[in-house]
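Residue-level structure breakdown
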Amino acid sequence: MKLYSTKHISPDVDLKTAVLKGLPPDNGLYMPYEINELPPSFFEQLPNMSFNEMAFKVAKNIIGNFISDENLKEIIAESYDFDAPLVILDEIGVLELFQGPTLAFKDFGARFMGRLMGYFLKGNTDEVNILVATSGDTGSAVAHGFYKVPNIKVCILYPKDKVSDIQEKQFTTLGHNITAIEIDGTFDDCQALVKTAFLDEELNNKMTLSSANSINIARLIPQSFYYFWAYKQLENKSLPLNFCIPSGNFGNLTAGLFAKKMGLPIHKLIAATNSNDIFTKYLQTGNFAPRPSVSTISNAMDVGNPSNFYRVLDFYKNDFSLLKENIAAYSFDDEATAETIKFVFQKYNYEICPHTAVAYLGMKAYLKENLGESNNIILATAHPIKFGEIVEPIIGHTPEMPERLKSAIGSTKLSIPMKNDFSVFKNWLINK
Ligand SMILES: *Cc1c(COP(=O)(O)O)cnc(C)c1O
């Protein structure tokens, strides 16, 4: 498997380099040269495959022979021991991607990546430092995905007072190789600190830095698995297939593009965002204009400069009209999001998180403009209890907390408070 940088300046790399480095030196994003179509036999056998059998075939199709079948199967087996069921609410299917240990879809990417990196570093003497900026869910998924993986230290930067209590507990209480830093700033500030660190020559000479944000290709590959898994669960597979993806950094949507390239018959990918509507505006105007993020109740999508935008653009070879034919986008404010959480609960007795509500709205908006029968799947990216403080006043009760979350809630927060200042962060990294 060969990868190039979307900026086409840095040299091509193999999967190991792309995964361990995260970002190419030219500050582009790594993309695979080839994403082949899966053979017809894959789709014929799909109805009888387990998640892990399917994941192996999809991963192998992208990765090729770079990792032995045995090792790849092991990485997958260790990553996935939870399901992703499709729940049908009339014309909309809800793919529950929150049944992993941290109750969000990011478990799919982070767990695979943690094990893949662990595999690449086997027998290494030097340590890799993973820097992650999080608006909530990435932090917990990465912390759990890498927890106690040998040769890896994880440093998580998150914006003070801007993540939910449960999210914060999930990545600040683990200890061991996981350190959380509470930045006095926004998510974009955290992301900027991480990006600056990757470009800082002195730091990179002193230590091996890597990323685990959705810019790392190791997270995107496994996120394509569940698109196939959703398809497998459909009763009538011959109808046009639409996915609506609640989007922030657009990693999830990029993984959907990978699935499409591999032959999954996706008709439309619909990006749904909150008031951080940079992508929606882009589709309307052709002008990509990042701006500072604003806080919303779907805070894992509060992103003002979506980091995978250039992958999406690259996927369509910068052809705006082709991109627009294949991807639709809608944005919604907090009021509409809250109304939808309430509506879905009252109509179906089904609890959804604010991000999933944005996706529900996106799918509804699309269906209003596009009549005719179709399969319509929205990605439910987090369990409603992760956003219990938001959901509770809307539906009148707290969603039930799954067992696996209860232990984190009782543990002590161990994070380090820090100013939004790169020199402070850099000194801390060097001296830790
Ligand atoms: C991260 C996240 C998103 C956004 O996913 P991207 O891949 O960044 O677009 C949506 N919902 C939840 C719950 C998330 O944690």
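Going by the structure above, here's the rest.
Residues numbered from 1 in each chain as written. Predicted model: local features only at pLDDT ≥ 70, side-chain atom pairs only at ≥ 80, totals over all residues. Heavy atoms only, no water.

Moving on to the sheet that holds strand β13 (residues 375-380). Pairing is mixed across the open sheet formed by six strands, whose spatial order is β4-β5-β13-β10-β11-β12. Two strands lie at the open edges of the sheet, namely β4 (86-89) and β12 (327-331), each paired on one side alone. This sheet shows a mean twist of 25° between the axes of neighbouring strands, independent of strand direction. Bridging between strand β11 (residues 266-273) and β12 involves five bridges; their strand directions are parallel. Along β12, the bridge assignment pairs Ala271 with Ala329. Packed onto the sheet, helix α17 (residues 354-369) meets β5 (92-96), β10 (241-246), β11, β12 and β13 and runs at close to 160° relative to β13. (Pairing = 2+ DSSP bridges. Helix = DSSP H or I, 4+ residues; strand = E, 2+ residues; numbered from the N terminus. Axes fitted to C-alpha atoms, helices over the stretch in contact; angles between N-to-C directions. Contact = heavy atoms within 4.5 Å.)

Taken as a whole and judged by the stated rule, the model has three cavities of 30 Å³ or more. The volume enclosed by the largest cavity comes to roughly 280 Å³. As for the largest cavity, its lining consists of 26 residues, of which Phe105, Lys106, Gly248, Asn249 and Ala300 are closest to the centre. Counting residues per element, the ones that place at least two in the lining of the largest cavity are α6 (137-146), α8 (187-199), α10 (217-223), β10 and α12 (251-261). Residues that form the lining of the largest cavity fall into these classes: nine nonpolar, 14 polar and three charged. (1 Å grid on protein atoms, 1.4 Å probe; cavity = no way out; pocket = protein on both sides within 12 Å on 5 of 7 lines; lining within 4 Å. Points joined across faces, edges and corners; volume = space filled by probe spheres on them. Nonpolar A, V, L, I, M, F, W, Y, C, P; charged D, E, K, R; others polar.)

Okay, the packing of aromatic side chains next. Counted according to the given criterion, the structure contains 31 aromatic pairs. Measuring from centroid to centroid gives 4.8 Å for Tyr227 and Phe243, while their planes differ by 70°, and the two rings are edge-to-face. In this pair, Tyr227 sits in helix α11 (residues 225-232) while Phe243 sits in strand β10, placing the two residues 16 residues apart along the sequence. With respect to class, Tyr227 is no different from Phe243; both count as buried. Here Phe288 and Phe309 contribute two aromatic rings whose centre-to-centre distance is 3.6 Å and whose plane-to-plane angle is 5°, an arrangement assigned as stacked. Placement of Phe288 in the loop between α13 (278-285) and α14 (309-315) and of Phe309 in helix α14 is noted, with a sequence separation of 21 residues between them. Across the pair, exposure class does not vary: Phe288 and Phe309 are buried alike. By way of ring pairs, the aromatic residues Phe51, Tyr80, Phe82, Phe108, Phe112, Phe225, Tyr226, Tyr227, Trp229 and Phe243 are connected into one cluster. In this structure, Lys73 is placed above the aromatic ring of Phe56, and the distance from its NZ or CZ to the ring centre is 4.7 Å. (Phe/Tyr/Trp six-rings, centres within 6.5 Å; stacked < 30°, edge-to-face > 60°. Buried < 20%, exposed > 50% of the residue type's maximum accessible area, 1.4 Å probe, protein only. Lys NZ or Arg CZ within 6 Å of the ring centre and 35° of its normal.)

Under the counting rule described, the total for this entry stands at zero disulfides. Here Cys190 stays unpaired: no disulfide links it, and the sulfur of Cys155, its closest cysteine neighbor, is 10 Å away. Assessed through its relative accessible area of 0%, Cys190 is described here as buried. With no disulfide partner, Cys244 has as its closest neighbouring cysteine sulfur the one in Cys353, 12 Å distant. (Disulfide = S-S within 2.5 Å.)

Here we take up the sheet that holds strand β8 (residues 178-183). Judged by pairing direction, the sheet is parallel, and its five strands sit side by side in the order β9-β6-β7-β8-β14 without closing on themselves. Strand pairing shows two members of the sheet lacking a second neighbour, β9 (208-211) and β14 (416-418), which therefore form its edges. Each strand axis lies, on average, 30° off the axis of its neighbour in the sheet, ignoring direction. Bridge count between strand β7 (residues 152-159) and β8: six bridges; the pairing is parallel. Bridging from a neighbouring strand, Cys155 pairs with Thr179 of β8. Each of β6 (128-133), β7 and β9 is contacted by helix α5 (residues 106-120), which is oriented at about 150° to β9, the strand it contacts most. Against the sheet, α6 touches β6, β7 and β8, its axis set at about 170° to β7.

With that settled, the discussion passes to the nonpolar core. Counting residues in hydrophobic clusters, the biggest one holds 100 residues, and the most contacted among them are Met54, Tyr227, Phe243 and Phe279. The element that contributes the greatest number of residues to this core is helix α3 (residues 51-63), accounting for eight residues. In this structure, Met54 is in contact with Phe42, Leu46, Met49, Phe225, Phe228 and Trp229, ignoring residues within four places of it in sequence. Grouped together as the second largest cluster of nonpolar side chains are 31 residues, Leu89, Phe98, Ala328 and Ile352 included. (Core = buried A, V, L, I, M, F, W, Y, C linked by side-chain atoms within 4.5 Å.)

Quick look at the site of the ligand now. Around the ligand, the surrounding shell holds 15 residues, and the nearest of these are Lys106, Asp137, Gly248, Asn249 and Thr381. Here an oxygen atom of the ligand and a side-chain polar atom of Lys106 are 2.5 Å apart. A distance of 2.8 Å separates an oxygen atom of the ligand from a polar atom in the backbone of Asn249. Class assignment of the residues belonging to the shell around the ligand gives a composition of six nonpolar, seven polar and two charged. (Near = heavy atom within 4 Å. Polar contact = N/O pair within 3.5 Å; in protein donor to acceptor, adjacent residues only side chain to side chain.)

It is worth stressing that arrangement in space is one thing and function is another; only the former is reported here.
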